[in-house]
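Structural characterization, general
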Amino acid sequence: MASNTPQRASSSTPITAIRTTLLSRTAPSIPPASQLYEPLVKGVLRHRLYKIFLHSALFSWALVTVWMTWSRGGMFGMGAKESLVLPVMPSTIAFTVATFFVGTLPVVVLRKTHLVAAPTPATSPSKILSGALQKRSTRNALLTYIASSLSLLLLHVFITGAYDKTAPAKERLTLFVKSRKHPYYLNGHLIYVLFSQVVVAFACLLRCVLLDRFAVRWAHTLTAQGENKLQSFGLARVVTVGLTALVYTVFITVAHLVVFAVARSVALPLLFQLPFVHTVLRPFTAHFLRGAWTITLLTRHWSLVSRAFYLALTTVGIWEFAESAFDAIVAEPVAVAPQTADPGLTLVSGITSTDGYLKLFAYAELREFSSEDSAAASARRTALFTDQKYNPSLWSTLSRESLLTLGRDYQLFLRRGKPATPASTALAPAPKTTVPLPAPATPLIRTKVYKPTQTSPLHAALETFASDGPLAAAVSETAEVGASHIPELFRSVIPASPQAKADAAVEKVKKAEENVAALVKETKSKWRSSVSSALSASLPRGVVQTAGQVRSWCTRERVHRVAETSLPNRYMDALAAEVLCRLTCASLTEDRYGVVQRDIPKIIEALLSFLTALEEYQAELNAAYTLPPPDVLQKLAPKEVADKETLALEAARAGEVLSVVSDAVKDGIVQVVRTFGDKLAAFKFPPHIARKLQGFVDYN
């Protein structure tokens, strides 16, 4: 019987579960932009920095060649052969490399470190300056400009000392004058040129802050179609940089002469009147007090003034060329998606980036992706519409991110660029009145149904001593009931609870802080009014009027700056609107499952709501700042006419700001209306959106 029983072989295969593909798997999410899109764009931008370095190095080489030619007496003093060999001499190359590292490289690194996509939200020069003082980038820029300008001065001293052997001793920029009697007197020529370079640094910082140069200049780059791209290098750019540097250096030189005259004739004598300061300054600067500061000093030291001017011109030219090349190159569109396996996935991942600068590049590529007319482009768009590999899908992510971007900027525009007010705390809901249930027929027994256990007499005595006991509990309950029946007049003498005391203390501190802030503000206003009245009474009338005009210029809000503050991301909004409308039009023939059609009402409603707000603001500008008829202008004073013309010009610039978004939205809606035609009747819209959309339908 045992011999007939089958036995399992030890080498048989083990029993495993049957594998099947019917199990549900969770779809992966779209890779973040930091992993997929941003590394590609940063690689392209890194190569563009090399382009900036190359152009700036060539510019530095040309300037160094001019300086060395001048130091050797010019082309006529050197000879034709030496003039041709000088640009390629090792010394020229060495000074060029040094000039590039101390003049161009710090400025480019500074701009790259503090680059921002949106401009500073400020409506007047005073607000721009006050906001810049609170930024870390301003302090870094000041230190960079000062260090770079002084380093260029040091290079200039080396060049003139090495090649200008025929220069007299008094024109050499040495630290001390050559005097046996006073060997520690500082060289006035060096002090003048040093002070000039410091003034150049502060003036360039002021220009950088007022122009908001840390923000990217998107105009005429990403909004241009096709091949209309801004050229980053050319003869026109060199000429523009040269003229800008020349004009700005003239103003800087005039301002430096005024500041140096005040320091020489007013500040230095006052320092010598101080008790201990004059003891320290006399061995080094006593010779500066001899003689008065007059205009004739300029004619006697014209060579020094011209040297400081040309050095300032070189410094401003190097910085301006590097910054203008940086402004042009960093705003050129980037095309990285065609080099990837799935361009749609790359671009959708790019628009989810938290960096607004890189996000705008993604939208610029999406615009080309949505408008390209080829079979391959149509297949890529179809793959984007029908994607089911990711959760959420590519189109859901694209439409959601674009609508959120437009919605945030729409709310910011309605607030005219002001921050959102904090949401007020919701009041606690009133307690609902409960209807008593009918009493049951059989009453419930709420007492203990088990017989209590007998405790020992010793344990009962200890419990009595440890607890309040029935007498104390009765006294406490009686006190609470009595306090509740005390009239309101006598309740103020009852001691408050600790929480009530803490709340009262906090309220008292808040009121004290508000009173102190109001007192400080009132004191400042009184001091300002008293100082201004005193200065107005003592200074000449022309000076007072000029100061008032300068103050009005600094504090007056510009109409176009208000519009720019309300639409800081207008170029991104325009690109987002174009992308949504073009993809919506393409979905009519390329969306096989109608995925896009579900979002068409939301897209059109968002765009038309934004357009309505823009048109209302444009109507307000036209009503407030349109110039009156010529016969009315003739009756006004010249100053009033000039003010009205200035406001009208600013309103026109504000209209240009608004048109960046409004034109993109109008063109997109027109494309959608022409593409879908009567098929739009299948969608439901709110009444005001339907009326707005009907206007586009009637127009087309």
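Residues numbered from 1 in each chain as written. Predicted model: local features only at pLDDT ≥ 70, side-chain atom pairs only at ≥ 80, totals over all residues. Heavy atoms only, no water.

Attention now goes to helix H8 (residues 188–211). Side chains of residues three or four places apart in an α-helix project in the same direction, reflecting 3.6 residues per turn. For H8, built from 24 residues, the straight-helix expectation of 34 Å at 1.5 Å per residue is met to within 8% by its first-to-last C-alpha distance of 34 Å. A positive backbone phi angle near 55 degrees is found at Asp 212, which sits one or two residues after H8. (Helix = DSSP H or I, 4+ residues; strand = E, 2+ residues; numbered from the N terminus. Expected span 1.5 Å × (residues − 1).)

Here we come to empty space enclosed by the protein. Following the criterion strictly, the structure yields 2 cavities of 30 Å³ or more and no others. Its boundaries defined by the atoms lining it, the largest cavity holds a volume of some 130 Å³. As for the largest cavity, its lining consists of Leu 63, Val 64, Trp 67, Thr 99, Leu 152, Leu 155, His 156, Ile 159, Leu 311, Thr 314, Thr 315 and Ile 318. Secondary structure elements with two or more residues in the lining of the largest cavity: helix H2 (38–71), helix H7 (136–163) and helix H12 (302–329). Here the residues of the lining of the largest cavity are counted per class, giving 8 nonpolar, 4 polar and no charged. Counted as a void, the second largest cavity has a volume near 90 Å³. Forming the walls of the second largest cavity are Tyr 145, Cys 204, Arg 207, Cys 208, Arg 213, Tyr 248, Val 316, Trp 319, Glu 320 and Glu 323. (1 Å grid on protein atoms, 1.4 Å probe; cavity = no way out; pocket = protein on both sides within 12 Å on 5 of 7 lines; lining within 4 Å. Points joined across faces, edges and corners; volume = space filled by probe spheres on them. Nonpolar A, V, L, I, M, F, W, Y, C, P; charged D, E, K, R; others polar.)

Taken together, the side chains of Leu 246, Val 247, Val 250, Phe 251, Val 254, Val 258, Val 262, Val 266 and Leu 270 make up a nonpolar region of the molecular surface, amounting to roughly 800 Å² of accessible area. Looking at the secondary structure, you find Val 262 in helix H9 (residues 235–272). (Patch = residues over 30% accessible without salt bridge, like charges linked within 9 Å, V, L, I, M, F, W, Y side chains within 5 Å. Areas by Shrake-Rupley, 256 points an atom, 1.4 Å probe, with all protein chains shown as cover. Salt bridge = Lys/Arg side-chain N within 4 Å of Asp/Glu carboxyl O.)

For the chain, the average pLDDT comes to 80, and 75% of its residues sit at 70 or higher. Ignoring residues within four places in sequence, the model shows residues 1–10, a span with pLDDT below 50, making 0 contacts including any to other chains. Low confidence marks residues 470–484, where pLDDT is under 50. Its contacts with residues over four positions away, or in another chain, come to 3 contacts. (pLDDT = per-residue confidence, 0-100. Contact = heavy atoms within 4.5 Å.)

Further remarks concern unusual backbone geometry. Asn 391 connects to Pro 392 through a cis peptide bond whose omega is 0 degrees. Phi angles above zero are rare outside glycine, and Asp 212 is one such case at about 55 degrees.

Next up on the list: the environment of Thr 69. Tracing the chain through its elements places Thr 69 in helix H2. Separated by 18 residues in the primary sequence, Thr 69 and Pro 87 place their C-alpha atoms 9.1 Å from one another. Among the polar contacts listed, one links the side chain of Thr 69 to the backbone oxygen of Thr 65, at a separation of 2.7 Å. (Polar contact = N/O pair within 3.5 Å; in protein donor to acceptor, adjacent residues only side chain to side chain.)

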